[in-house]
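Chain by chain, the residues:
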Amino acid sequence: MRDITYPPVIAAAKTGFRLLGQRFTMTGTEHVPRTGGVLLACNHIGYVDFVYGGLAANPSGRLVRFMAKRELFDHKLVGPLMRSLHHIEVDRGAGEASFRTAVDYLRQGEAVGIFPEATISRSMELKEFKTGAVRIAAEAGVPLVPVTMWGTQRMMTKDHPKDFSRGKTIAITVGEPLHPTGADPVAETAELRAAMTALLDRTIRDYPAAEQPPGSWWLPASYGGSAPTPEEALRLDAAERQRRAERKANKSTK
């Protein structure tokens, strides 16, 4: 693919990271192959995850094409940028087109990024996974590489104000590739989730303690933080979906 926009966007992002005084802890990046199709499965804890998730492939010299919700592509400013970076539009009501596009990209040797949880986790722990990641990797015949991020939620996530103050640590951990066959997508998805759960646990425990003291809102309740429990997060997600449906219904009646 011809990339005119991506290189300057990466340069601008790295300049932004320096201006924000961010420190990066990156481990396992050697697991991202330097050539050939590869699907990166990332956890989802904040609105800037697609910016930082691509860093997992940066040491390998890869540009990641993320699968992202249609609303971003509909935005008059963000949409043209997303298309120029060759990201993949996902319509949650009709996912076959994005599935086929992702498979085509991977067969062409591209690196594609996907969030198996589909939406941001309010609990900061992994939500239930969709089977799309393993099905796409199996269909394209490419490795599926698990990636976990930590610290991105401190800048911009659900239910909390933006905070781009200086000096935050961003931790990215990359695991060994999985090789789904598609024979049992449910079992292979459980395998992916288990691998990412172990990676996330290690990432959280290795994160600087001074930056996430007990009670921190961005720390899971199971680690001594004050983030919602997974059960509480499910209720908050359901309430959010209800509000969205009501807004949509109100618009349609006007």
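If you're wondering where the values come from, they're calculated on a predicted model, not measured in any experiment. (Residues numbered from 1 in each chain as written. Predicted model: local features only at pLDDT ≥ 70, side-chain atom pairs only at ≥ 80, totals over all residues. Heavy atoms only, no water.)

Novice: If you had to explain the packing of aromatic side chains to someone new, which residues and values would you point to?
Specialist: Where two aromatic rings form a pair, the distance of their centres and the angle of their planes describe that pair. For the structure shown, the criterion picks out five aromatic pairs. Relative to phenylalanine 24, the ring of phenylalanine 17 lies with its centre 5.2 Å away and its plane at 55°, an arrangement referred to as tilted. Aromatic pair phenylalanine 66 and phenylalanine 115: ring centres 5.6 Å apart, planes at 15°, arrangement stacked. Here phenylalanine 66 is found in strand 3 (residues 64-69), whereas its partner phenylalanine 115 is found in the loop between strand 5 (111-114) and helix 6 (132-140), with 49 residues between them in sequence. Through successive ring pairs, a cluster of aromatic residues spans Phe17, Phe24 and Tyr52. Residue placement shows arginine 154 over the ring face of tryptophan 218; its charged tip is 4.7 Å from the ring centre. (Phe/Tyr/Trp six-rings, centres within 6.5 Å; stacked < 30°, edge-to-face > 60°. Helix = DSSP H or I, 4+ residues; strand = E, 2+ residues; numbered from the N terminus. Lys NZ or Arg CZ within 6 Å of the ring centre and 35° of its normal.)

Novice: Give a description of the pattern of salt bridges that names residues and reports values.
Specialist: A pair can form between side chains of opposite charge whenever their charged atoms are brought close. Considering all chains together, one arrives at 16 salt bridges under this definition. In this structure, the salt-bridge partner of arginine 154 is glutamate 211, at a minimum N-O distance of 2.6 Å. Taken together, the residues arginine 154 in the loop between strand 6 (144-150) and strand 7 (169-174) and glutamate 211 in the loop between helix 7 (185-206) and helix 8 (230-253) connect sequence positions 57 residues apart. Pair check on accessibility: arginine 154 and glutamate 211 agree, each one buried. Put simply, aspartate 201 and arginine 205 hold a salt bridge, and the shortest N to O gap is 2.8 Å. Taken together, the positions of aspartate 201 and arginine 205, both in helix 7 and four residues apart, correspond to about one turn of that helix. Accessibility expressed as a relative area gives 24% for aspartate 201, which makes it partly exposed. In this structure arginine 205 comes out as exposed when scored by relative accessible area, which is 59%. (Salt bridge = Lys/Arg side-chain N within 4 Å of Asp/Glu carboxyl O. Buried < 20%, exposed > 50% of the residue type's maximum accessible area, 1.4 Å probe, protein only.)

Novice: I'd like to hear about the side chain of aspartate 49, residue by residue, with values.
Specialist: Note on placement: aspartate 49 falls in helix 2 (residues 49-53). Although aspartate 49 lies buried, it forms no salt bridge, and the closest oppositely charged side chain, lysine 158, sits 11 Å away as judged by the N-O distance. Within the structure, aspartate 49 has its side chain in polar contact with the backbone nitrogen of glycine 46 (distance 2.8 Å). Looking at aspartate 49, its side chain comes within polar contact range of the side chain of threonine 152, at 2.6 Å. (Lys, Arg positive; Asp, Glu negative; His and termini not counted. Polar contact = N/O pair within 3.5 Å; in protein donor to acceptor, adjacent residues only side chain to side chain.)

Novice: Could you give an account of the nonpolar core, with specific residues and numbers?
Specialist: Counting 33 residues, the largest nonpolar core has Leu39, Met67, Ile136, Leu144, Trp150 and Leu192 as its most contacted members. Counting residues in hydrophobic clusters, the runner-up holds 23 residues, among them Cys42, Val48, Ala57 and Val145. (Core = buried A, V, L, I, M, F, W, Y, C linked by side-chain atoms within 4.5 Å.)

Novice: Explain the packing of helix 6 against helix 7 to me, and be specific about the residues and the numbers.
Specialist: The relative placement of two packed helices comes down to the angle between their axes together with the axis-to-axis distance. One way to put it is that helix 6 packs onto helix 7 with a least axis distance of 8 Å and a crossing angle of 110°. As summarised for this structure, helix 6 and helix 7 are arranged roughly perpendicular, according to the angle between their axes. Judged by residue contacts, Ala133, Val134 and Arg135 of helix 6 engage Pro185, Glu188, Thr189 and Leu192 from helix 7. Grouping the constituent residues of the contact of helix 6 with helix 7 by class yields four nonpolar, one polar and two charged. (Axes fitted to C-alpha atoms, helices over the stretch in contact; angles between N-to-C directions. Parallel < 35°, antiparallel > 145°, perpendicular 65-115°, else oblique. Contact = heavy atoms within 4.5 Å. Nonpolar A, V, L, I, M, F, W, Y, C, P; charged D, E, K, R; others polar.)

Novice: For the environment of arginine 166, give the residues involved together with the corresponding values.
Specialist: Here arginine 166 is to be found in the loop between strand 6 and strand 7. Considering only alpha carbons, one finds arginine 166 and leucine 20, 146 residues apart in sequence, at a separation of 4.6 Å. Contact partners of arginine 166, with chain neighbours within four places excluded, come to Arg18, Leu19, Leu20 and Gly21. For arginine 166, the side chain forms a polar contact with the main-chain oxygen of leucine 19, separated by 2.3 Å.

Novice: An account of the packing of helix 5 (residues 96-107) against helix 6 is requested, with residue identities and associated values reported.
Specialist: Packing of helix 5 against helix 6 leaves a shortest axis separation of 9 Å and a crossing angle of 45°. Classified by the interaxial angle, the pair formed by helix 5 and helix 6 is oblique. Judged by the sense of rotation from one axis to the other, the crossing of helix 5 with helix 6 is right-handed. On helix 6, the residues that touch Phe99, Arg100, Ala102, Val103, Leu106 and Arg107 of helix 5 are Arg135, Ile136, Glu139 and Ala140. In terms of residue class, the contact of helix 5 with helix 6 is made up of six nonpolar, no polar and four charged. (Left-handed = near helix turned anticlockwise from the far one by under 90°.)

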